[in-house]
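The residues making up each chain are set out below.
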Amino acid sequence: MMLHSSRIELSESALRRNLRFLRGVIGEGTRFVSVIKGNAYGHGIRTFVPLAERCGVRHFAVSSAAEALLAFESRTADSTIMIMGYVGNEALEWAVGNGVSFYVFDLGRLDAALRTARDLDRPARVHLELETGLNRTGLADTDLDAALDLVLSNPAHLRVEGVCTHFAGAESMANSFRIQAQQQRFAVLSDRIRGRGVSCGLRHTACSAAAITYPDAVMDMVRIGIAQYGFWPSTETRMQYMVRQMDAHGSARPADPLRRVMRWSSSIMSVKDVGPGDYVGYGTSFLTTRRQRVAAVPVGYFHGFARTMSNLGHVLIRGRRAPVAGTVNMNMTMVDVTDIPDARKGDEVVLIGNQRKAQITVSSFSDMTRFLNYEVLVRLPSEIPRIIVK
Ligand SMILES: *Cc1c(COP(=O)(O)O)cnc(C)c1O
């Protein structure tokens, strides 16, 4: 029974293709970690984790203990899970007890990890997040020696699985000097750690944009989010990649190596003729100028279809674009199907993705709404069913 008014299909072949491309970018010998925070960027952790495992992924990263638990329950193989963000004291025991690794960015957390590890008599697997210039979270230089002292004196309970940092916007060239400074700082600090006789384990700095734009940032491991789902981190990252391909392979226009994994669709719930000279929906923002046909789609801003798409966005019906007519409501949106005369109740409506030869991209969506790709995706509610397709 179809309880929900829309559904999100995840394409296995698209994911396989993106992963193949990304493995080519990072090369052999670098660990690929699939970032699935934000409910797998709206793709749904429960559905995405087993799908990714089937495509060969064995490492996942999340931003909270709650997401880690969801990933842990969803996995079908012995995949590793790493928490890159906040872990409260209550969650430490679960994380250490289940071999889930986590970032440590201050001495208090390292100390708490040590105490939990002693209680459980199991090692806490930590990633030391170094402050290199993002100035968000990260172990301060002044605390590094004390942290290493703790690690050195508790080898059975503190296992440094990795050393890492995060860049301050690798998707924009405007930040490139700052990122180069971060890379240098990371190298200096890594040397300092080794100099104290502590192994750095897996060194990792790169997100999608850094892996594609800064080959030096690809070290022992990468943390890839947006690109695996088939979206470029920014237009700049895409263009830089394309230009490099053109330089390397002559002047031909290279094909886009990424395939969107997600397709979001609903169906028409009713169609009616209106006007001329009538308003459609709430208020007076859409006035019919002739006899027009409008269709109701049972998706609104509650479902992640942004209200800023009012009178601006499009959906696909029978392979053609239908503009949003009037305001996007909480649970419903009207679209103008005057130019799609065969549109009928029950017809499929595509909100993101392809239909026949037409497509609606998330970036067209995000240009329109001034949201980043990332934000449009993570606003898709977890209640919408996710379905795997070939
Ligand atoms: C979200 C996140 C990533 C992945 O970023 P993408 O741009 O989606 O590849 C990597 N590292 C950290 C610390 C993150 O928070």
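The sections below set out a description of the structure shown in this document. As the structure is a computational prediction, the values presented were derived from the model and not from experiment.

The next point concerns the nonpolar core. If you look at soluble globular proteins, the nonpolar side chains tend to sit buried side by side. Membership of the largest hydrophobic core comes to 116 residues, with the highest contact counts inside it found for Ile36, Phe102, Leu128, Trp264, Phe305, Ile317 and Val335. Beyond its immediate sequence surroundings of up to four residues, Val335 is in contact with Arg293, Val294, Ala295, Val297, Val315, Ile317, Ala322, Pro323, Val324 and Ala325. The next biggest cluster of nonpolar side chains, apart from the first, holds 7 residues, and it includes Val280, Val294, Ala296 and Met334.

Taken together, Val35, Lys37, Tyr41, Met84, His166, Cys207, Ser208, Arg223, Ile224, Gly225, Ile226 and Tyr374 make up the full set of residues near the ligand. Within the contact set of the ligand, an oxygen atom lies 2.6 Å away from a side-chain nitrogen or oxygen of Lys37. At 2.8 Å, a side-chain N or O of Tyr374 approaches an oxygen atom of the ligand. For the ligand, whose accessible area on its own is 380 Å², the fraction buried by protein is 92%. Mapped onto the shell around the ligand, the elements with two or more residues apiece are helix H2 (37-41) and strand S9 (221-224). Here the residues of the shell around the ligand are counted per class, giving 7 nonpolar, 3 polar and 2 charged.

The next point concerns the packing of helix H5 (residues 89-97) against helix H6 (residues 107-120). Across the interface, H5 lies against H6 with an axial gap of 9 Å and an inter-helix angle of 55°. Here H5 lies oblique to H6, going by the angle between them. Viewed along their axes, H5 and H6 form a crossing whose handedness is right-handed. Touching Asn89, Leu92, Glu93, Val96 and Gly97 of H5 are Arg109, Ala112, Ala113, Thr116, Ala117 and Leu120, all from H6. Of the residues belonging to the contact of H5 with H6, the class tally is 6 nonpolar, 3 polar and 2 charged.

In this section: the packing of aromatic side chains. Tallying each qualifying case throughout the model produces 7 aromatic pairs. Arranged with centres 5.3 Å apart and planes meeting at 85°, the rings of Phe21 and Tyr241 form a pair that is edge-to-face. Taken together, the residues Phe21 in helix H1 (residues 12-26) and Tyr241 in helix H10 (residues 235-248) connect sequence positions 220 residues apart. In this structure Phe21 comes out as buried when scored by relative accessible area, which is 13%. Three or more aromatic residues link up through ring pairs in this structure, and these residues are Tyr41, Phe48, Tyr229 and Tyr374. Over the ring of Phe32 we find Arg23; its NZ or CZ atom is 5.6 Å from the centre of that ring.

Moving on, we come to the side chain of Glu67. As for its placement among the helices and strands, Glu67 is situated in helix H4 (residues 65-74). For the buried Glu67, no salt bridge exists, and the shortest N-O distance to an oppositely charged side chain is 8.2 Å, to Lys37. For Glu67, the side chain forms a polar contact with the main-chain nitrogen of Ser63, separated by 2.8 Å. Excluding residues within four positions of it along the chain, Glu67 makes contact with Lys37, Gly38, Asn39, Ile45 and Val62.

A separate point is the pairing of strand S14 (residues 320-323). Looking at chain direction, strand S13 (residues 314-317) and S14 are connected through 4 bridges and run antiparallel. Within S14, the residue paired with Ile317 across the bridge is Arg320.

This paragraph deals with the pattern of salt bridges. Under the criterion given, the structure shown has 18 salt bridges. Across the salt bridge formed by Glu9 and Arg263, the nearest N and O atoms sit 3.2 Å from each other. In this pair, Glu9 is assigned in strand S1 (residues 6-11) and Arg263 in strand S10 (residues 262-267), connecting sequence segments 254 residues apart. Judged on exposure class, the residue Glu9 and its partner Arg263 are both buried. Between Glu12 and Arg54 there is a salt bridge, and its shortest N-O distance comes to 2.5 Å. Remark: Arg54 occurs in helix H3 (residues 45-54) and Glu12 occurs in helix H1; sequence separation between them is 42 residues. For Glu12, a relative accessible area of 6% corresponds to the buried category. A residue is classified by how much of its surface remains accessible, and Arg54, at 47% relative accessible area, is partly exposed.

Here the focus is unusual backbone geometry. With an omega of 5°, the peptide bond between Gly275 and Pro276 qualifies as cis. If you trace the backbone, Pro276 turns up in the loop between strand S11 (270-274) and strand S12 (292-297). Even without glycine at this site, Asn311 takes up a positive phi of about 60°. Along the chain, the position of Asn311 falls in the loop between S12 and S13.

So, how was this worked out
Residues numbered from 1 in each chain as written. Predicted model: local features only at pLDDT ≥ 70, side-chain atom pairs only at ≥ 80, totals over all residues. Heavy atoms only, no water. Core = buried A, V, L, I, M, F, W, Y, C linked by side-chain atoms within 4.5 Å. Buried < 20%, exposed > 50% of the residue type's maximum accessible area, 1.4 Å probe, protein only. Contact = heavy atoms within 4.5 Å. Near = heavy atom within 4 Å. Polar contact = N/O pair within 3.5 Å; in protein donor to acceptor, adjacent residues only side chain to side chain. Areas by Shrake-Rupley, 256 points an atom, 1.4 Å probe, with all protein chains shown as cover. Helix = DSSP H or I, 4+ residues; strand = E, 2+ residues; numbered from the N terminus. Nonpolar A, V, L, I, M, F, W, Y, C, P; charged D, E, K, R; others polar. Axes fitted to C-alpha atoms, helices over the stretch in contact; angles between N-to-C directions. Parallel < 35°, antiparallel > 145°, perpendicular 65-115°, else oblique. Left-handed = near helix turned anticlockwise from the far one by under 90°. Phe/Tyr/Trp six-rings, centres within 6.5 Å; stacked < 30°, edge-to-face > 60°. Lys NZ or Arg CZ within 6 Å of the ring centre and 35° of its normal. Lys, Arg positive; Asp, Glu negative; His and termini not counted. Salt bridge = Lys/Arg side-chain N within 4 Å of Asp/Glu carboxyl O. Pairing = 2+ DSSP bridges.

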